[in-house]
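Listed below are the residues making up each chain.
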Amino acid sequence: MGGVPGVEAVDRALTRPARRGWAALAAVSCLAVVGAFALQSVRPPAARPADAPAGEFSAARAFEHVRTIAAGPHVAGSAANDAARDYIVTTLRDLGLDPQVQDTVTTQGGQLSSSAGGVGLAHVRNVVAMRPGTASTGRIFLVAHYDSAQTGPGGNDDAAGTSAILEAARVMTSGPQLRNDVVLVLTDAEEACLCGAKAFVDQHPLARQGGVVLNLEARGSTGPAIMFETSTNNAALVGALAGVPHPVGTSFAVEIYRLLPNDTDFTAFRERGFTGLNSAYIDGAAVYHTPVDTPATMNRDSLQHHGDTVLALTRDLGDRDLTRLRSTGDATYFPVPGGLAHYPGSWTWPLAVAALLAVLALAWLARRRGLATAPRLLGATGLALVPVLVVPVLAQLLWILLKIIRPGYAELPIDPYRPGWYRLAVLALTLAVVSAWYALLRRRLGPAALAVAGLMWLALLGLALAALAPGGSYLAALPALAGGATGILAVLLRGAGPRAAPPVVAVTLGAAAAVIVLLPTLVMFFPAMGMNLAGTGAFIAVLLALTLLPILDLLHPEAGGHRGVDALRARRRGALPALAATLAAITFVVIGLSVDRFDDTHPAPAHLMYALDADTGQARWLSRSSTPTDWTAQYVGRDPGSVADTLPAFGAEELLSGPAQPASLPAPELTKTAEATAGDRRTVTLRLTPKRPVRLVTLHVAADIEVGSAVVGGRTVPTDRAGGGAWGFGFVFHAPPPTGVDVTLTVPSGAPLKLRVMDASDGLTALPGFHARPADVGVVGSHSSEMLAVAKTYTF
């Protein structure tokens, strides 16, 4: 510890109670009670039964809609999706509404096409119904998508959102009309390309004047319905959310989501200038987009939370003057026991600065009262970075170790099926590192210096977040402010006597404030980022641990004053928290591995697809996995390679591949229906027709041909996007009509027009050489999982 003098640490703590063990027990017990209340703030309400009063939302009633809509996979354009749409229309008509189907084609960059730099389009059929207001000042749009991914029935994603809106509509139509118009928008082709929402905001007359949108989503099977995204200038809407039962949300999540490349239907509305809120429940993400995303996996408490929130918000906003809803700034907000704390974004900088001043004042006071010296304060502040940096790294290494032990985890993009024990292991790992760090430095630097150092980094982080992500500044600034203020109080109260209890009460209050602020956010961020990014949850856990150092100190023997055998005993006792936490982390990992095994209801995901080149008659098995699983190894090799030349829709993506038996499958047909030449430009009209039931068709033009303009399905599309390999401009058309898609291209005259087309359906079971998956092998939730593609080249 060069440059930092060793000193006796006796009487160097913020507290020095006479009965140390009882003080520790009282403080820990108080924090446990506070933590329990804090956790209640992020738990969904209990599901109401089918016989709940007609004026209340009932998850049991809504769940009957889930059963019907999610009876099986219903991807956009499929007969199953038609059946789901017909059910929705019939349900709304039975409620006395007049639902209309918006049947149109729209463009949007989709998940598959974006990888190739192509243009995404879809034939969508949105269900739209409006309940007029008595004296409307604007419109409220309740939005969810009714289609599912091709790999699963979408019991949660998004039969939950659709069913919540249907049940909320039943409640509203059984009561008096609201002041404002309420528009139900149940979109199509969200999973394919977010095209349903885009079609509505671009083309539907009800969208022209904008309004307030409440979008309901699910990226898992359980947990609270978290409001994770808002439009800008959200203060008034957050105020409305704070008034509903069980509001859950954090402005830090909004800041994080704005930095991510993720999109939902809410994106189209937000970009069109609508104001609104986007909510989803996200825990249990292992089922996301997979065959096990069934109604049976749904936690109906989560469905109840969705419904309670959307119904309460609609009733509140439905009777407001929506012209006055616009705010001039964003709010900071987070869950607390009993509701949602929120304050104007303009308070962010004052609170962050106040937190830093409070911690600096505590440091000055601690030095003045002889609890710490300047060298010790500086040394402790520098060394406090150790747990801040080490714990997230160790959490990520833990997940890497778990993937080595259980390779199937590598195919889970977010979380394992039962992540609870692993999350506890991360918390125990955090406590182990922080406790060991504290025990090693406590005697040398003193408890007060270490406590100030922990708060100092929170205060500095609060300032950094105020500049970079203002909605997240509260996470660090408020605990630092509370810790600094109560630390000052504890030091001042020591004047009543070094052994008095009031200083313990003071630091316990500061720790309680940190628990209220940080613990709910920690609980939300574990499922949000998953074990795949365990370091993010670990980072928040470290912040919480640093605020609890004065309480941790009570678990240690009184600092200093020990010699010989007594000193050795004191050090051993000081090491107990770290040892206990380490043993707990190991135990939790072992339990997690024994509990979270793959079986027929929790299968190990595996990715596989099939591609037939109609030009050569050759077929290949393909997989997006980084390495073959035990099951996919019978189909593909270990070395990935590009498929851009034969499957340009996948761009430069490298896939594992292996030879396959050619199946008797018709290729998509491309015919020329018209052609005209003007000067050096040639305009060619083509029809791309699938010859079998398919989910999508693609077309790509040879890279050496400049496409001047393109019209696909009646929509003009941009032509400045390059494809992959030998191919340039291209598009992916989802849910194509059986009669085909008309394509008009303007290209240079005098040269052949070479094009590569592909269609894709879903399901591999009927293919030659395919062996049924074992019961414990599942399907990766990918847009290309189980894809059966046929490609062919045409020249005109």
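What you are looking at is a predicted structure, and each value in this text was computed from that prediction instead of being measured.

### Let's talk about the layout of surface pockets
Unoccupied space between atoms shows up once a probe the size of one water molecule is rolled over them.
Here is step 1 of the chain: Considered as a void within the structure, the second largest pocket measures approximately 760 Å³ in volume.
Here is step 2 of the chain: Along its surface, the second largest pocket is lined by 25 residues, and Leu 427, Leu 431, Leu 544, Ala 545 and Leu 548 are the ones closest to its centre.
Here is step 3 of the chain: Contributing elements (two or more residues each) for the lining of the second largest pocket: α1 (20–40), α15 (420–445), α18 (502–529), α19 (534–547), α20 (549–554) and α21 (564–595).

### Observations regarding the nonpolar core
Here is step 1 of the chain: Counting residues in hydrophobic clusters, the biggest one holds 101 residues, and the most contacted among them are Leu 14, Leu 402, Val 426, Trp 437 and Tyr 474.
Here is step 2 of the chain: Once you skip the residues sitting within four places of it in the chain, Trp 437 turns out to touch Leu 383, Ala 384, Val 386, Pro 387, Leu 450, Leu 546 and Leu 549.
Here is step 3 of the chain: Counting 56 residues, the second-largest nonpolar core is a separate cluster that includes Ala 129, Ala 169, Leu 216 and Val 238.

### So, unusual backbone geometry
Here is step 1 of the chain: A cis amide bond, omega 0 degrees, links Asp 157 with the succeeding residue Asp 158.
Here is step 2 of the chain: In this model, Ala 189 sits at a positive phi of 60 degrees, which is unusual for a non-glycine residue.
Here is step 3 of the chain: Relative to the helices and strands, Ala 189 is located in the loop between β4 (181–187) and α6 (190–193).
Here is step 4 of the chain: The phi torsion at His 289 lies on the positive side, around 65 degrees, for a residue other than glycine.
Here is step 5 of the chain: Tracing the sequence through the fold places His 289 in the loop between β7 (275–281) and α11 (300–318).

### Observations concerning the packing of aromatic side chains
Here is step 1 of the chain: Evaluation of the coordinates by the stated rule reveals 22 aromatic pairs.
Here is step 2 of the chain: With centroids separated by 4.9 Å and ring planes inclined at 70 degrees, the aromatic side chains of Phe 228 and Tyr 257 adopt a geometry described as edge-to-face. Of this pair, Phe 228 sits in strand β6 (residues 226–230) while Tyr 257 is found in helix α9 (residues 251–259), placing the two residues 29 residues apart along the sequence. Judged on exposure class, the residue Phe 228 and its partner Tyr 257 are both buried.
Here is step 3 of the chain: Between Trp 437 and Tyr 438, the ring centres sit 6.5 Å apart and the planes meet at 45 degrees, which makes this aromatic pair tilted.
Here is step 4 of the chain: Since its relative accessible area comes to 7%, Trp 437 is described here as buried.
Here is step 5 of the chain: Residue Tyr 438 is classed as buried on the basis of its relative accessible area of 0%.

### Description of the sheet that holds strand β16 (residues 681–689)
Here is step 1 of the chain: In spatial order, the strands read β15-β16-β21-β18-β19; together these five strands make up an open sheet with antiparallel pairing. The strands lining the two open edges of the sheet, one partner per strand, are β15 (669–678) and β19 (715–717). Between one strand axis and the next, the sheet turns by 20 degrees as a mean value, whatever way the strands run.
Here is step 2 of the chain: Looking at chain direction, β15 and β16 are connected through nine bridges and run antiparallel. Within β16, the residue paired with Ala 674 across the bridge is Thr 685.

### Quick notes on the pattern of salt bridges
Here is step 1 of the chain: Overall, the coordinates contain 30 salt bridges when judged by the stated rule.
Here is step 2 of the chain: Here Arg 67 makes a salt bridge to Glu 64, at a shortest N to O gap of 3.5 Å. Of this pair, Arg 67 and Glu 64 both sit in helix α2 (residues 59–69), three residues apart, which is roughly one turn of the helix.
Here is step 3 of the chain: We note a salt bridge from Arg 687 to Asp 742, for which the minimum N-O separation is 2.8 Å. Pair noted here: Arg 687 is in strand β16 and Asp 742 is in strand β21 (residues 741–748), with a separation of 55 residues, a long-range link.
Here is step 4 of the chain: Classification of Arg 687 as partly exposed rests on a relative accessible area of 33%.
Here is step 5 of the chain: A relative accessible area of 35% means that Asp 742 is categorised as partly exposed.
Here is step 6 of the chain: Taken together, the salt bridges that share partners define one network made up of Arg 20, Arg 442 and Asp 553.

### Structural notes on the side chain of Asn 278
Here is step 1 of the chain: Along the chain, Asn 278 turns up in strand β7.
Here is step 2 of the chain: A relative accessible area of 0% means that Asn 278 is categorised as buried.
Here is step 3 of the chain: At 2.8 Å, the side chain of Asn 278 and the side chain of Asn 215 are in polar contact.
Here is step 4 of the chain: In terms of polar contacts, Asn 278 uses its side chain to reach the side chain of Thr 264, at 2.9 Å.
Here is step 5 of the chain: Asn 278 has contacts with Asn 215, Ile 226, Met 227, Phe 228, Glu 229, Thr 264 and Phe 266, leaving out every residue within four places of it along the chain.

### Considerations on helix α13 (residues 374–383)
Here is step 1 of the chain: Burial in α13 covers these residues: Arg 376, Leu 377, Gly 379, Ala 380 and Thr 381.
Here is step 2 of the chain: Packing partners of the buried residues in α13 comprise α12 (348–368), α14 (385–405), α15 and α16 (447–468).

### Observations concerning the pairing of strand β12 (residues 618–623)
Regular strands place side chains that alternate from one sheet face to the opposite one.
Here is step 1 of the chain: As paired strands, strand β11 (residues 609–613) and β12 are joined by five bridges and run antiparallel to one another. Note that in β12 the partner of Tyr 610 across the bridge is Trp 621.
Here is step 2 of the chain: Hairpin connection between β11 and β12: a loop of four residues separates the two successive antiparallel strands, and Gly 617 in this loop has a positive phi of roughly 75 degrees.
Here is step 3 of the chain: In this structure, β12 lies alongside strand β14 (residues 654–660), joined through five bridges in antiparallel fashion. Its bridge partner lying in β14, Arg 620 is registered against Pro 659.

### With respect to empty space enclosed by the protein
Here is step 1 of the chain: In total, this model carries ten cavities of 30 Å³ or more according to the counting rule given.
Here is step 2 of the chain: Considering the residues around the largest cavity, the lining is formed by 15 residues, among which Leu 455, Gly 483, Val 507, Thr 547 and Pro 550 are closest to the centre.
Here is step 3 of the chain: Elements with a contribution of two residues or more to the lining of the largest cavity: α16, α17 (474–493), α18, α19 and α20.
Here is step 4 of the chain: Looking at which element gives the most residues to the lining of the largest cavity, the answer is α17, with four residues.
Here is step 5 of the chain: Residue composition of the lining of the largest cavity, by class: ten nonpolar, five polar and no charged.
Here is step 6 of the chain: If you go around the second largest cavity, you meet eleven residues; those closest to its centre are Glu 191, Ala 192, Arg 695, His 734 and His 783.
Here is step 7 of the chain: In terms of residue class, the lining of the second largest cavity is made up of five nonpolar, four polar and two charged.

### So, α19
Here is step 1 of the chain: For α19, built from 14 residues, the straight-helix expectation of 20 Å at 1.5 Å per residue is met to within 8% by its first-to-last C-alpha distance of 21 Å.
Here is step 2 of the chain: Taken across its 14 residues, α19 has twelve buried, putting it largely inside the fold.
Here is step 3 of the chain: Residues Ala 534, Gly 535, Gly 537, Ala 538, Ile 540, Ala 541, Val 542, Leu 543, Leu 544, Ala 545, Leu 546 and Thr 547 constitute the buried set of α19.

Cut-off values and rules
Residues numbered from 1 in each chain as written. Predicted model: local features only at pLDDT ≥ 70, side-chain atom pairs only at ≥ 80, totals over all residues. Heavy atoms only, no water. 1 Å grid on protein atoms, 1.4 Å probe; cavity = no way out; pocket = protein on both sides within 12 Å on 5 of 7 lines; lining within 4 Å. Points joined across faces, edges and corners; volume = space filled by probe spheres on them. Helix = DSSP H or I, 4+ residues; strand = E, 2+ residues; numbered from the N terminus. Core = buried A, V, L, I, M, F, W, Y, C linked by side-chain atoms within 4.5 Å. Buried < 20%, exposed > 50% of the residue type's maximum accessible area, 1.4 Å probe, protein only. Contact = heavy atoms within 4.5 Å. Phe/Tyr/Trp six-rings, centres within 6.5 Å; stacked < 30°, edge-to-face > 60°. Pairing = 2+ DSSP bridges. Axes fitted to C-alpha atoms, helices over the stretch in contact; angles between N-to-C directions. Salt bridge = Lys/Arg side-chain N within 4 Å of Asp/Glu carboxyl O. Polar contact = N/O pair within 3.5 Å; in protein donor to acceptor, adjacent residues only side chain to side chain. Nonpolar A, V, L, I, M, F, W, Y, C, P; charged D, E, K, R; others polar. Expected span 1.5 Å × (residues − 1).

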